[in-house]
Amino acid sequence: MASATLLLPARSRFPAAPLPDDVARALGRAQRSTVEPGERAQLQRHFQLQPAQWPVAALTRQLDVGDAADGVWLRADPANVAPDMQGARMMGHGDTLRPDPDDVAALLPALQPLFAGYGFTLDAPVPGRWYLRLPEEIQLPTFAAPDDVLGDDLFDHLPPGDTGRLWRALLTEAQVVLHQHEWNARRIAAGKRAINSLWFWGGGVLPHSVSTDYAQVRSREALLQGLAKAAGVAVGGDQPVDALVDLRQLRSLEQLGNEAIRPLLAALQRGELRRLVLDFEDGLRFELDKSQRWKLWKKPLQLQDA
């Protein structure tokens, strides 16, 4: 009998509205626990990497091209920054900027000589995911993920120290090249944000092994698909197997309750599902099974009260 785990956003992403009564009753009777919050911690609960690092660039590169096994990789994603009184803020990155192959064809040739001078190779097999291939001996600093930088002052998240000096300088030089490029005037005229910066992150080598307890992963997100591919499990499908289902894009409690949880509660009651786990990015976790229906003394629970 299969089980299902739903990857869900932090509860703060949902409006303060009530869940359907039957879903609230089920949550009240469920086993609750708290675990480490954050996107990376959430995914690390479900995938084990050896060595225990988090090389996002290598994992997504392997998904996109399949050549990540013999290199050191770093994401150098397109970004938009806007100046303000304190410095500059990241206003968008990657797919949120709606880049297309024409953007890649126009901008990459202007940037590639800059990186080639340091022995780095820049390419973009996917318009929203740009990559640097680096020498094997390079020592990389710690880079911030772009979602952690979005809306913040860029300079608060730049890699510090001597190992970060090169990357701070490269970012500045790349911004000069992109700011002066005539292609960005076309993007702005088309109602898009300029691609006037890059963001370096996710560096490392492809793991020796990736494992998971699931037989199937359902997600549209590149990193999760890359982890599933590295673990050798199916991406997508509706077979009755243990499945990890990515619903982190949800922002509607009505969708969460009526379209995501309620059908799975019915499958639990019919005996088609052994267990249902709700894993929220803020660290709250619910585990539900059929036997909990007898816990009649438990009060219904809303997400904001948990």
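Residues numbered from 1 in each chain as written. Predicted model: local features only at pLDDT ≥ 70, side-chain atom pairs only at ≥ 80, totals over all residues. Heavy atoms only, no water.

Here we take up the overall build of the chain. A count of helical and extended segments in the chain gives nine helices and 14 strands. If one aligns the C-alpha atoms of the chain with their principal axes, the spans along those axes are about 70 × 45 × 35 Å. Counting across all 306 residues of the chain, residues that qualify as buried make up 47%. For the chain, the exposed area adds up to about 14,900 Å²; of that, 50% sits on carbon and sulfur atoms. If the 34 positive side-chain charges of the chain are averaged to one point and the 38 negative ones to another, these points end up 8 Å apart. (Helix = DSSP H or I, 4+ residues; strand = E, 2+ residues; numbered from the N terminus. Buried < 20%, exposed > 50% of the residue type's maximum accessible area, 1.4 Å probe, protein only. Areas by Shrake-Rupley, 256 points an atom, 1.4 Å probe, with all protein chains shown as cover. Lys, Arg positive; Asp, Glu negative; His and termini not counted. Charge placed at Lys NZ, Arg CZ, Asp CG, Glu CD.)

Moving on to the packing of aromatic side chains. In this structure the tally under the stated criterion is seven aromatic pairs. Ring centres of W73 and Y131 lie 6.5 Å apart, and the angle between their planes is 90 degrees; on these two criteria the pair is classed as edge-to-face. Residue W73 is found in strand β4 (residues 72-83), and its partner Y131 is found in strand β7 (residues 129-134); the two are separated by 58 residues along the sequence. Residue W73 shares its accessibility class with Y131, and that shared class is buried. (Phe/Tyr/Trp six-rings, centres within 6.5 Å; stacked < 30°, edge-to-face > 60°.)

On to the packing of helix α3 (residues 56-64) against helix α8 (residues 222-231). Two elements in contact, α3 and α8, have axes whose closest approach is 8 Å; the angle formed by their N-to-C orientations is 75 degrees. Considering the angle they form, α3 stands roughly perpendicular to α8. Where α3 approaches α8, its residues V56, L59, T60, Q62 and L63 are matched on the opposing element by A222, L223, Q225, G226, L227, K229 and A230. (Axes fitted to C-alpha atoms, helices over the stretch in contact; angles between N-to-C directions. Parallel < 35°, antiparallel > 145°, perpendicular 65-115°, else oblique. Contact = heavy atoms within 4.5 Å.)

Moving on to α3. Within α3 the residues assigned to the buried category are V56, A57, A58, L59, T60 and R61. Following α3 by one or two positions, G66 has its phi on the positive side, about 90 degrees.

Our focus in this paragraph is the layout of surface pockets. In this structure, the largest pocket occupies an estimated 1,600 Å³ of space. If you go around the largest pocket, you meet 49 residues; those closest to its centre are E39, D147, W201, E221 and L223. Taken together, the elements giving at least two residues each to the lining of the largest pocket come down to α2 (39-44), α3, β4, α5 (146-149), β8 (197-204) and α8. For the lining of the largest pocket, the per-class residue count stands at 20 nonpolar, 13 polar and 16 charged. Estimated volume of the second largest pocket: approximately 310 Å³. (1 Å grid on protein atoms, 1.4 Å probe; cavity = no way out; pocket = protein on both sides within 12 Å on 5 of 7 lines; lining within 4 Å. Points joined across faces, edges and corners; volume = space filled by probe spheres on them. Nonpolar A, V, L, I, M, F, W, Y, C, P; charged D, E, K, R; others polar.)

The next subject is the sheet that holds strand β10 (residues 216-218). Spatially, β2-β14-β13-β1-β12-β10-β11 is the arrangement adopted by the seven strands of the open sheet, whose pairing is mixed. Lying at the two open borders of the sheet, with one neighbouring strand each, are β2 (31-34) and β11 (234-235). Strand direction decides the pairing type here: β2 and strand β14 (residues 284-288), joined by four bridges, are antiparallel. Looking at β14, one finds that T34 is bridged to L284. Running at roughly 150 degrees to strand β13 (residues 273-280), helix α9 (residues 253-269) makes contact with β1 (2-8), β13 and β14 of the sheet. (Pairing = 2+ DSSP bridges.)

Before going further, it helps to examine the pattern of salt bridges. Here the structure, examined in full by the defined rule, presents 19 salt bridges. Between R133 and D70 there is a salt bridge whose closest N-O contact spans 3.4 Å. Here D70 lies in the loop between α3 and β4 and R133 lies in strand β7, a separation of 63 residues in the sequence. A single salt-bridge network, built from bridges that share partners, covers E39, E221, D246 and R248. (Salt bridge = Lys/Arg side-chain N within 4 Å of Asp/Glu carboxyl O.)

A word on the environment of A88. Along the chain, the position of A88 falls in strand β5 (residues 88-93). With relative accessibility at 12%, the residue A88 sits in the buried group. For A88 and G151, which are 63 residues apart along the polypeptide, the C-alpha to C-alpha distance reads 9.4 Å. Excluding its chain neighbours within four sequence positions, the residues that come into contact with A88 are V81, A82, P83, D152, D153, L154 and F155.

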